[in-house]
Structures are given as structure tokens and as C-alpha cells.
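Residue-level structural notes
One letter stands for each residue in the lines below.
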Amino acid sequence: MDCMLRMLPMSSNSNVVALGWSTFPKIFVARKSLGVSCSDLQCGFDYGSCRLNSSSLAFANFLSSRTSRFAAAANSRASSSLQQNQAMLDQQESTSLLSTDRRRREEEVDEVVAETGVVIIGAGLSGLAAARHCAKEGVPFVLLESSDGVGGRVRTDVCQGFLLDRGFQIFISAYPEASEVLDYAALDLKEFYAGALVWLDGEFHRVADPFRHFTDGVASLGNPIGTAMDKVLVGIVRLRASLKPISAILLSSEETTILERLGKEGFSQQMVDRFFRPFFGGIFFDRELQTTSRLFEFVFKCLALGSNTLPAAGIGAIPQQLADQLPAGSILLNSRVAELIEDEDGILRSAALQNGKVFRAKYGMLIATEGPEAARLLGSRITDTSASSPSAAAAAASSSSSSSITKPPRSTVCLYFAADSTPINEPVLLLNGSKEGIVNNMFFPSTVAPSYAPPGKTLVSISLVGQLYSNYSDSELEQQVRKELHNWFGAAVVDSWQHLRTYRIAYAQPDQTPPTNLQKQPRVDQGVYVCGDHRDSSTFDGALVSGRRAVQALLADCRVVAA
């Protein structure tokens, strides 16, 4: 298609100006506005003719719609110079397009694949502790979290002005690792009464720590929650645990179940059933008391040295405080890892997210998820090996049931209600010592920390342990709980409560029945490390310790390689 061009009229909305020696480059402005490529436009001035191929019809129409006349002559003396100019411009434009395309591809790669020092997967307590240690050591990292917030299982929701922890959770102030990494003053910890009220035979009976509430302790000697000798034994076991080093408790103490350990200590069946079963059953979500006796000793020690507490802003304030200490932008929420990717040497170096983005780790990958998710990501790489206890490692290796990953986890259900007032106005834990019904323990969080409820209101927290009660709907479960508590507080009181929410938590804790290995090796493969309460003790402190140990192992390996 040939056309003769001499001059194009000027207009306010035209992208093309008069064509002449000095304005020839303007044609590329018009080409660019139409999205016509250099290959579409083939301009060669030969005796004043401009030839456009058929694919440039849009460009030709654009020109013809804005011209009023065509000339038949062009300056032949300019032909040679114009051809040279055209060739130069075509080459420059082509080079520019190639450069732009290359930059675009490089930018897309940069957007898809990002490299950092350490990739941490999971922003629960162990992942946050690991990230904190990386930041402290100056190691760059990214922390990937699949959910919409940090904390993992340790989170708090707000509902109608009430603070609802996700399941029954209390924080023991004497946790040694926690006391090192957390600012207790900023958490504004509120203490429980050092003891409990136990429901039995139609009334509540007080059990008190005689070292903190001497009068209450003496007064409780004659109540039916165990014998007087049982209460003396509690003091003896408490004192012995407080003096024993934690490393000895977790790694070398004789191990059995909590139930067997209580029998060996000489506690009566009454004391076991009426106090220890609901108390430690509520802590470990295990009313059968089959959890390792080492955790019993550890918690007993921490309770002897500290207090049960709640942060004023909810249990979720603990992980949030850790997150607030990390560099801005280092935590990515709603970033679920689809798979881990090996490099050319078969080493896991990258984490591919479900959204297509890939994070590559220079120093190592750190998996800080719950056990089942770690197993999904790592497969056969993850094992129950020990850091410092060969006997525990041998026991774990020889027992297929020893894995804290493969055994069914501990489950719990927590129901929350709003009330206008509290029937028991003290910060105390209430235990079901009757062995009847499905309620294990309950309390009124707003009596411990008033900030858990709006002014003039009371929050009620009720825990069921050991299963999810899937044979009940939420409504049926609520009605069953109300029915049981009619006996405790009266139908008029309980029926006035407004149901807020029910949490069914399938994975509340890993199963840690003996034989256990409470300090597993963080390193499971070259450049791959695992942490979490399934690797240490199933406590707040165990998760924090595990995260720190994993980073320490990673850095130690990096220093060895560097050396």
C-alpha cells in the first residue's frame, strides 16, 4: 500500500505533526500511541513514497484520517539522508525494545524469586523466637506465615469487646526462656490465685499453695480433696522440683507417665482423681495423665517458682511482642508454603508459595510449623533424633510410637460466654473433681484480667479436653455444658449467659507420652532445621527454646562451612 506524504495538518488532538526533515522522528510518537511495532512500520523514502505493509493498516488509517491533502513530490535530495536516518532510528528503537523487554523479564524474575539469608516457615512462638535470634545475630531472614496473624495456636480474638484466647491457655511466669526474651512489665501479667476450687459432691473445696496462702493451705487439710498426707506430699514434691536443674528434669529424670509417677510419690487415688486429673489434664489436655512425667516435673518446678498468669491484652500479646521486635517487612502473612524445592545438588534451598513466589535461602531453611505440617513439607527428612541424650535417641529410634509427629495430637474444646456478673469473684481456676460430665475446668478470665471483658461484664471460659466432641453440634455442646453447670451455679445464673464462641482445637498440643525425646536435633538435613514444641517440651517455653536452638545450630553449621 503506497501513499505519498508531504504535509499533515496540525490539530489540537493530533499525535502527528507536519512531516519534514526535522520532524521525522515524530512519526514514532504516533506509532507508539497506536501500539504499532517497528516491524509493522516499514518506511523507505524513495522519490517521496512511504510504503507501509498490510499489517500497518491501523497506522495508515490514523494518518489518513488527519490529513486533508497529499502531495506528489518530495525532495529527492533528502532521500539518502532520510534513509540513513530511518535505519539509525529503527536500530535504536529495536535496541531500546530489546533492552526494555530484558529488564521486564529480569524484574519479573526478581518478583517471583527472592533471596535472603534464612527462610523461616511458621510464625508461631518457635518461628518468632528463631526470627528474633536471627535479627539479634544480624542474619537476614524472611518469616512466612500461612494465616492472617502471628502466634500460631497462641492467639487472641476480639468478640463484642471480649478477649477470647484460642483455647484455655495460661502463662507461667517462671518459664526460664520466656523470662529472658519477653518484657513482662509490658505484657502486664495478671496473676491467678495459687490454688484451685474443686467441684465435688455439690460444692466447691479449696486447694491452696501453703507457701503462698498458708492460712488457706492449713484450712484445706481436712477437705475431701485428698488426705492430709496428700497435701504434705504436694509440698515435698514442690520443694524437690524447685531445686532440680531443668536440664536434669527434661533429659535424665526417670521417665514414666504422670499417672504412674503420682502413684510412686505416694498420692492417694482420691487426690489423683479429684485434683491432679483435672488440673494437669487441663494443662496437657490429657485427663488420662499419660503424658511424660518429665513435663509434670518441669511444670511443677515452674509453678513453684512462679505464677499462673494472663497478659492484660490476651495470650496473643506474647507472640505479638516478639513480632514487634523484628525488622519491618520481615514477616509475610497469608503466605502458605506449597512445597520446598531442591537445588541442583539435591539440597532444599527454596520455599515456593501458593501464590507462585519463591524464596531462596542462602544459609538454610527453618521449619517452625506444627509437626504434621513439617512432615508434609519434609517427608522422610524429619526424624526424632536427640541433641544431647543418646538414650532418648535410642528409645525414639526403637519405638514407632515415640514420634510426636505421627501420634494423634491432644485436642480440646473451649466455650466462651458473656455474663452480667460473676458467681465467683476471685481469680481462681475451677476444677471438676467429680469425674462426671464433660466439663474439665473453667474460670472467669475477667476476674484475672479485667481487660478481658467490657466494663460491667464478665467473661466465662469453659474447657473440655481429650477430644473434639464431634458427635455434638455447637448448639448441642453448648446445651450440655449449660446443663452440667446448672448444678454448679444454678439454672437461672447459667441460662442468663450469652454464648459468644466455641473453639474446637484439633491440634492443641503434640502427644508427648513416654518414651519421649524432649530435645531433638534441630538439623534434619543439610541446610534444613526444624523447631517447635513437638521438638522440645509441649510448653510455651519449649517452643521458645526450640526456635533459639534451631538458629544456633544453623549458625554453627555455617561457621564450620566458612572455616
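Model, not experiment: these values are computed from the prediction. (Residues numbered from 1 in each chain as written. Predicted model: local features only at pLDDT ≥ 70, side-chain atom pairs only at ≥ 80, totals over all residues. Heavy atoms only, no water.)

Things to note about helix H14 (residues 371-378)
Those residues of H14 lying buried are Gly 371, Ala 374, Leu 377 and Leu 378. For H14, the angular spread of the buried residues around the axis is 125°, confining them to a single face. After H14 finishes, the residue Gly 379 shows a positive phi value of roughly 60°. (Buried < 20%, exposed > 50% of the residue type's maximum accessible area, 1.4 Å probe, protein only. Helix = DSSP H or I, 4+ residues; strand = E, 2+ residues; numbered from the N terminus. Arc of directions from axis to C-beta.)

Brief notes about helix H12 (residues 293-305)
Under the 1.5 Å per step criterion, the end-to-end length of H12 is 19 Å for 13 residues, consistent within 8% with the ideal 18 Å. Across the 13 residues that make up H12, a large majority, 12, are buried. Considered for burial, the residues of H12 that qualify are Ser 293, Arg 294, Leu 295, Phe 296, Glu 297, Phe 298, Val 299, Phe 300, Lys 301, Cys 302, Leu 303 and Ala 304. One side-chain oxygen at the N-terminal end of H12 lies 3.1 Å from the backbone nitrogen of Arg 294; it belongs to Thr 292. (Expected span 1.5 Å × (residues − 1). Polar contact = N/O pair within 3.5 Å; in protein donor to acceptor, adjacent residues only side chain to side chain.)

Quick look at the confidence of the model for the chain
Detailed conclusions should not be drawn from predicted coordinates in areas where pLDDT is low. Looking at the chain as a whole, its pLDDT mean stands at 83, while 76% of the residues score no less than 70. In the predicted structure, residues 1-78 sits below a pLDDT of 50 and forms 104 contacts with residues beyond four places in sequence or in another chain. Here residues 386-402 is modelled with pLDDT under 50, and outside its nearest four sequence neighbours on either side it reaches 24 contacts, counting other chains as well. (pLDDT = per-residue confidence, 0-100. Contact = heavy atoms within 4.5 Å.)

Quick notes on the pattern of salt bridges
Inspection of every chain in the model, using the stated rule, returns 31 salt bridges. Close ionic contact of Asp 188 with Lys 190 constitutes a salt bridge, the shortest N to O distance being 3.2 Å. In this structure Lys 190 comes out as partly exposed when scored by relative accessible area, which is 26%. Beyond isolated ion pairs, a larger network of salt bridges with shared partners links Arg 240, Lys 244, Arg 261, Glu 265 and Glu 297. (Salt bridge = Lys/Arg side-chain N within 4 Å of Asp/Glu carboxyl O.)

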